[in-house]
Amino acid sequence: MALEEGARSCLMRFRHRLEDDIKPPYLMDHMVTDGVLTGDEEERIKNQPSRKDQAAALLALLLMKDNRAYISFYNAMVQEGYNDLANLLHRDLPLGLPEGLKRSTDCCTPYVQTVLSEGGVPQRPVVFVSRPELVNRVREKLYRLQKEPGWVTVFGMAGSGKSVLAAEAARHHGLIEDCFPGGIHWLSIGQLDKPDLLVKIQSLCFRLEQSLDSHPLHRPPNSLDEAKERLRFLMLRRHPRSLLILDDIWDSTVLKAFDLHCRILFTTRNRSLADSVSGSRYEVEVESGLDENKGLEILALYTKTKLKGLPEEARSIVRECKGSPLVVSLIGALLREKPNRWRYYLGQLQQKQFKRIRKSSSYDYDALDQAMAASIEVLPDEHREFYKDLTVLEKDTKVPAKVLAVLWDLETEEVEDILEEFVNKSLLFVDSHNKPFLYYLHDLQLDFLVEQNRTQLESLHSKVVHQYQQHYKDAHSTSGDEECLYWIRFLTYHMAKANLFQELYSLMFSLDWVSTKAQLMGPAYLINDYVEYGPILDKENSETRSQFQEFLSLNGHHLEQRPFPDVVQLALSQPRTSEVYKQALLQARDRATTGKLYFEWLNKGSVESLSRLVIHPHQGSIYSACFSQDGAKIASSGASKMLKVFKSTSGEKLMEIQAHDDEVLCCAFSPDDRLLATCSSDRKVKVWNVERAMLLRVFEEEHEEQVNHCQFTNSTTPRLLLATCSNDKVLNTKLWNLNKPSSQNTIFGHFEPVNHCCFSPSDTYLSTSSNDGTVKLFHTSSANEWKTINVRDAFAESDEEVLVKCSTWTADGKRIICAARNAALVFDVETSDMLLEIRTNRLSTVQYCHACPTSNLLAIAFSNYAVELWDLEANKKMADCSGHLSWVQRVQFSRDGSQLLSCSDDQTVRLWETNKVHTTSAVCLKRDSDVLFNDEEIIVSAADNCNRLQVRDGRTGSVLFQSEEKPSRIRCTSMCRQPSAVALGQEDGTVQVLQVPSGNLLATLLGHTKTVLHCRFSQSGKTLLTSSEDTTIRVWRWQSGECRVLQGHKEQVRCFSLLPDDAKLLSWSFDGTVKMWDVESGAKLQDIEAHRGAILSCRVSPDGCLFATTSADNTAKLWHCETWKCVHTLSGHRDCVRSCRFSWDGRRLATGDDNGEIRLWSVMEGTLLRICSRDGKDCMDSLHGGWVTDLHFSPDNGLLVSTGGYIKTE
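Residues numbered from 1 in each chain as written. Predicted model: local features only at pLDDT ≥ 70, side-chain atom pairs only at ≥ 80, totals over all residues. Heavy atoms only, no water.

Within an unreviewed UniProt entry, the label attached to the protein chain reads Apoptotic protease-activating factor 1, and the organism entered is Gasterosteus aculeatus aculeatus.

Spelled out as structure tokens, the structure:
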């Protein structure tokens, strides 16, 4: 909002006078604190050559600001003693305050000083920090006493600053003149008995009489009743329009003595006291703490230090006491005498040594503990015991009355009455926005209780556990309400604090507890428990603790799904020696007696999971995830428009913000971890305070297209900068100084969208990666281009455009790695020469890469769901990090290189331990495999990631045969029982047959000109059939090399089926046709154009009468095998229909699509029987991470098993 015209004219009118007199540095301190002046603006004004030039620059800046800046400037002049100049500006103060408050707020006028001095109102404390919002609220209530008598209650907990606030509210010329021309009279009360109260009223009467011109009455009142009448007479007759301020009222009987039908403001810790008196009542609650800047200002004033000069301990002190004015003032007073004891007093505060934090002449109590104890001592004995029980609460935890009803064995209504008393006495706080109400303690109150009851902590926590066990004898609370959530979250905490270790073991080593807590609260709290109580659990069985923790870490993303997955089935995937598996097996066997189906993973011992933690933070693709600099937190963002922050140890959510109006494409921590930057498709860049989850800056004017990436400098010195890049054609890269409203520099050089920007380790250079096929390096200080690296030159053999996705610097800053197409390219920064080229297969693209800050490792993210680790020195792949179910969008090492994270379109973030991953064998099998079942024997053949063919025992995982590394990628494999052989098809069109287990080459079959996609032996083993991208199918008498070519398809033939007698072959292709062939003669028996799009699967019914096809045209069709007529067209899928399967009785057909939806159809009628989708009431979240790749019915047709990213039963 612009500055009001009256205020602007006033500044212009008195500009020269202001320039002659004011000293800007002192005024600017206040204005920076008020948030109307930035540090950069202050610095720029201070750099002016003279005081007068500084004043002129400050006034010029004010004219460009808003009403808040004018008011702050005015208040700064008042506080710095420029009373005459402040009065010049007062008349044109912007509107918004009551009319009386627009009159001079100069508290130092002789009139104000005289009235307050005569009335005994305390002076401002030596160190005073304004709380204008609260002061104005009190004054607004006092204005309501202008026309009629009444009460204003100022209430709050001990040390919240009530007395200073009351005195400050009275320190106002307009208020006194309008409402209380008879004067303002202050009386300090405190905890009094009747004789002391009489003395107080006697002294007040004497003071009121002394202020009159007449002689005082000679005899003071002898009784409380007489004193009350004397005071009534004086207040109503002699001082009819005056205000009486009663400071620190504790008792309603004391307050009733002043029920005189006059105007009274009183301060108290007990909100309900006003209920005991008559007349109009108004109240103002004083928050328990100052905001951080106000707290720091108090410490700065006490220690005579500038805000910027305060040590880091100052901020910690304010945070530790939650901004309590009492504590900050007590410590400030101590530091004034001993300015080198910042760390000492912070330590005392953290160790709850309240007796050491003493001495403040303006407060009734010698130490902080005395102030708090006084509030508790006035409670009845029984309620004091109840209050002691609150010692067991965790900090920042709110509890419903029902929890305490269990603890105290009382009715909920009785508990609510007790808690209301605590709230009224400012001993407890209530969150009334929640239903039911939630109650909580201030940190200082809780710290005091813990200190007071330190010797009884164990018994107090034992009482909590005992009462819970008594109340919930049969089973845990699972209602999901606030009471239930408290018990499920904190039961382990109370057991640990009570040293009830056996109970803790029994609870946390129980799969039932894991299932209950995970379903109600998610896995993060559970993982936290195993981390936090690990030392305790390890005393019982460290191996079992490790097994439960690993199970949760690797399956947490499943446990966040809704509907909630079957924990028993998940646990059956654990190693057989695991206690998790053993408990799951017992439960599975028990449930199997009721007809429930469970899958047993036979060869799980051969698979090692390398992920340390899997988090499922968002609904929708995750485009960005990053470590905080200390590695303790992870931020993530994506298609959900949200920004979320998690603990990296457990996945516990720390922050969640609706960050943008569109997809959030990137997030980045500042080097000190205090800030997070985000950028979005909504063209905005935002900066957030991490601790407060508060928006600090929005840059929305300069980027006109989506902002793709953001990154802070690696250090805050010489100054913190933020780099952003966008899809803008020209003005696409910018550098931002967070203290400025517009960009500091716009970097020119690219004329196509810039996908990524990255500072060098020293922050000297900024690299930018663009769709123009280049990476450019710019000087950070000047924004001038240093050099261009032409990445597209590395792909000169192709005419396709080269989009550079990202770049990353090695730790020494001498090399830069760029991601483009299917390669990561390493360049020498100084010479721009390409040093190394890491190329992957042509079917996947490199999405992102990141160089480890502490080693030679490079992490690469791929579109084929993989993450690979490479050693740049050895030019060798060190590991495959498998587990993602869709495109991997981002990878990042932690700053110390010990961890690696990856995020994906599969909605998960995975954490990997770098050392564990890259020192583990990099061997893993690819998905193109064949399985041979022979009685109890299971044999699996597949290519590994080193492009060797492996044959393994399916039950044990042991290797029966391993070929040498093949020069061309293995794309398919097939096994033959007799003779014992395995065939493999390769990307270059070659087919080989190897003897098992010797590995001898039995045949090399040449003929295909492109990738071999599928191969299959006939039942006799004498014939091998292969299909290829070259559109042909070949029938080989492989032992003799004789070949018959089946030609007719116009596009690649991904698969085919041999009919039961091996005499006929059914093939389908991306050309939309289905063909039937005679295997022996090679004759084409049938040929139909089945679909408008590519055919993705084809199945024959069990009786051989029908076959089904599914297609990229979103339909499935049923065909008659004899007539080849279309029987039914099955429409309704909204994406490619990827898979299908007949039930064993042939009555139903299941189809699955690329959106994760499964449909069940009647074969006879072609009608839809059921839909299983993430949108329906039968919703199965994250179905297969997208595509449904295969479907199978159980032999009794009662269950349908679907595969994709996950296995599901329906």
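When you go through the protein chain residue by residue, the secondary structure sums to 33 helices and 63 strands. Along the longest, intermediate and shortest principal axes, the C-alpha atoms of the protein chain span 135 × 75 × 55 Å. The buried share of the protein chain, taken over its 1210 residues, is 56%. The contacts in the protein chain between residues at least 6 apart in sequence include a share of 52% that link residues at least 24 apart. Surface accessibility of the protein chain: about 52,200 Å² in total, with carbon and sulfur atoms responsible for 47%. Side-chain charges in the protein chain split into 141 positive and 163 negative, and the spacing between the mean points of these groups amounts to 2 Å. (Helix = DSSP H or I, 4+ residues; strand = E, 2+ residues; numbered from the N terminus. Buried < 20%, exposed > 50% of the residue type's maximum accessible area, 1.4 Å probe, protein only. Contact = heavy atoms within 4.5 Å. Areas by Shrake-Rupley, 256 points an atom, 1.4 Å probe, with all protein chains shown as cover. Lys, Arg positive; Asp, Glu negative; His and termini not counted. Charge placed at Lys NZ, Arg CZ, Asp CG, Glu CD.)

Looking now at the sheet that holds strand β22 (residues 754-759). Pairing within the open sheet is antiparallel, and its four strands lie in the order β22-β23-β24-β25. The sheet terminates laterally at β22 and β25 (785-790), the two strands that pair on one side only. Along the sheet, successive strands turn relative to each other by an average axial angle of 20 degrees, direction set aside. Bridge count between strand β24 (residues 774-779) and β25: five bridges; the pairing is antiparallel. Residue pairing in the sheet places F778 in a bridge with E785 of β25. (Pairing = 2+ DSSP bridges. Axes fitted to C-alpha atoms, helices over the stretch in contact; angles between N-to-C directions.)

Judged by pairing direction, the sheet is antiparallel, and its four strands sit side by side in the order β26-β27-β28-β29 without closing on themselves. With partners counted over all chains shown, the strands left at the sheet margins are β26 (804-809) and β29 (834-839), one partner each. Averaged over all pairs of adjacent strands, the angle between strand axes in this sheet comes to 20 degrees, irrespective of strand direction.

In the structure shown here, the tally under the stated rule is 52 salt bridges. Its salt-bridge partner being E209, residue R230 comes within 3.5 Å of it at the nearest N-O pair. Taken together, the residues span a long stretch of sequence, with R230 in helix α14 (residues 224-238) and E209 in helix α13 (residues 194-210) at a distance of 21 residues. E656 is paired through a salt bridge with K653; the nearest N and O atoms lie 2.6 Å apart. Residue classification places E656 among the partly exposed residues on the basis of a relative accessible area of 40%. Overall, K653 belongs to the partly exposed group, its relative accessible area being 42%. (Salt bridge = Lys/Arg side-chain N within 4 Å of Asp/Glu carboxyl O.)

Moving on, we come to the UniProt feature "repeat: WD" (unreviewed entry) in the protein chain. Here, the residues flagged by UniProt with the feature "repeat: WD" (unreviewed entry) are residues 657-698, 747-788, 881-922, 1005-1046, 1046-1087, 1088-1129 and 1130-1171. As a span, residues 747-788 carries 0% helix and 55% strand, and end to end its C-alpha atoms are 14 Å apart. Counting secondary structure, residues 1005-1046 comes out at 0% helix and 55% strand; the distance between its end C-alpha atoms is 16 Å. (UniProt positions renumbered as here; feature names shortened; annotations may be inferred.)

Restricting attention to buried positions, one finds in helix α1 (residues 5-13) the residues A7, C10 and L11. Taken around the axis of α1, the buried residues stretch over an arc of 95 degrees, which confines them to a single face. (Arc of directions from axis to C-beta.)

What follows concerns the packing of helix α16 (residues 292-303) against helix α18 (residues 325-337). Interhelical geometry of α16 versus α18 gives an angle of 25 degrees and a closest axis separation of 8 Å. Relative to α18, α16 is oriented roughly parallel. Crossing handedness for the pair α16 and α18: right-handed. Packed against α16, whose contacting residues are G295, I298, L299, Y302 and T303, the element α18 presents V328, S329, G332, A333, L335 and R336 at the interface. Of the residues contributing to the contact of α16 with α18, the split by class is six nonpolar, four polar and one charged. (Parallel < 35°, antiparallel > 145°, perpendicular 65-115°, else oblique. Left-handed = near helix turned anticlockwise from the far one by under 90°. Nonpolar A, V, L, I, M, F, W, Y, C, P; charged D, E, K, R; others polar.)

Under the 1.5 Å per step criterion, the end-to-end length of helix α10 (residues 132-143) is 16 Å for 12 residues, consistent within 8% with the ideal 16 Å. Taken residue by residue, α10 has L134, V135, V138, R139, K141, L142 and Y143 as its buried positions. (Expected span 1.5 Å × (residues − 1).)

In this structure, E868 sits in strand β32 (residues 867-871). At 2.9 Å, the side chain of E868 and the side chain of W870 are in polar contact. Within the local environment of E868, its side chain forms a polar contact with the side chain of K877, the two groups lying 3.4 Å apart. With residues up to four places along the chain from it excluded, the contact list for E868 reads L858, A859, I860, F862, K877, A879 and D880. (Polar contact = N/O pair within 3.5 Å; in protein donor to acceptor, adjacent residues only side chain to side chain.)

A separate point is the pairing of strand β15 (residues 675-680). Of all six residues in β15, six are buried, a share of seventy percent or more. Where strand β14 (residues 664-669) and β15 come together, five bridges link them in antiparallel fashion. Directly across from C666, in β15, lies its bridge partner C679. Between β14 and β15, which pair antiparallel in sequence order, lie five residues; one of them, D673, sits at a positive phi of approximately 65 degrees. Inspection of the sheet shows β15 paired to strand β16 (residues 685-689) by five bridges, in the antiparallel sense. Residue pairing across strands places L675 opposite N689, the latter belonging to β16. With antiparallel pairing between neighbouring strands as the criterion, β15 and β16 make up a hairpin whose turn holds four residues, including R683 at a positive phi of roughly 75 degrees.

So, on to the packing of α10 against helix α11 (residues 162-170). The description of two helices packed together rests on the angle between their axes and the distance between the axes. As a packed pair, α10 and α11 sit with axes 9 Å apart at the nearest point and diverge in direction by 60 degrees. Comparing the axis directions of α10 and α11 gives the class oblique. Note that α10 runs across α11; the crossing there is right-handed. Between α10, through L134, V135, V138, R139 and L142, and α11, the contact on the second element is made entirely by L165, E168 and A169. Class assignment for the residues of the contact of α10 with α11 results in six nonpolar, no polar and two charged.

Among the nonpolar cores identified, the biggest contains 109 residues, and Y387, L390, W408, L419, F422 and F551 are the most heavily contacted of them. Tallying contributions element by element places helix α26 (residues 482-497) first for this core, with nine residues. Setting aside residues up to four positions removed in sequence, Y387 forms contacts with I376, L379, F422, L427, L441, Q445 and L449. (Core = buried A, V, L, I, M, F, W, Y, C linked by side-chain atoms within 4.5 Å.)

Before going further, it helps to spend a moment on the confidence of the model for the protein chain. Model confidence for the protein chain is summarised by a mean pLDDT of 86, while 92% of its residues fall at 70 or above. For the stretch residues 359-366, pLDDT sits under 50, and the model shows 19 contacts to residues farther than four places along the chain or on other chains. (pLDDT = per-residue confidence, 0-100.)

Glancing now at the packing of aromatic side chains. Remark: the centre distance and the inter-plane angle together describe each pair of aromatic rings, the angle taken between the planes. By the definition in use, this model includes 19 aromatic pairs. Relative to W487, the ring of Y486 lies with its centre 5.6 Å away and its plane at 80 degrees, an arrangement referred to as edge-to-face. Comparing Y486 with W487 shows no difference in burial state: the two are buried. Ring centres of Y765 and W786 lie 4.4 Å apart, and the angle between their planes is 10 degrees; this geometry places the pair in the stacked category. Highlighted residues: Y765 in strand β23 (residues 765-770) and W786 in strand β25, separated in sequence by 21 residues. Cluster of aromatic residues (ring-pair linked, three or more members): Y468, Y472, Y486, W487, F490 and Y493. We note K398 situated over the ring of Y440; from NZ or CZ to the ring centre the distance is 5.0 Å. (Phe/Tyr/Trp six-rings, centres within 6.5 Å; stacked < 30°, edge-to-face > 60°. Lys NZ or Arg CZ within 6 Å of the ring centre and 35° of its normal.)

We now examine unusual backbone geometry. In this structure, the amide linkage connecting Q978 to the following residue, P979, adopts the cis form with an omega of 0 degrees. Among the structural elements, P979 can be located in the loop between β41 (970-976) and β42 (981-986). In this chain, V996 is followed by P997 through a cis amide linkage whose omega measures 10 degrees. Tracing the chain through its elements places P997 in the loop between β43 (991-995) and β44 (1001-1005). Positive phi outside glycine occurs at R821, with the angle close to 50 degrees. Looking at the secondary structure, you find R821 in the loop between β27 (815-820) and β28 (823-828). With a phi angle near 75 degrees, N1114 is a residue other than glycine that sits in the positive phi range. Tracing the sequence through the fold places N1114 in the loop between β54 (1106-1111) and β55 (1116-1120). Residue classification places N1114 among the partly exposed positions, given a relative accessible area of 25%.

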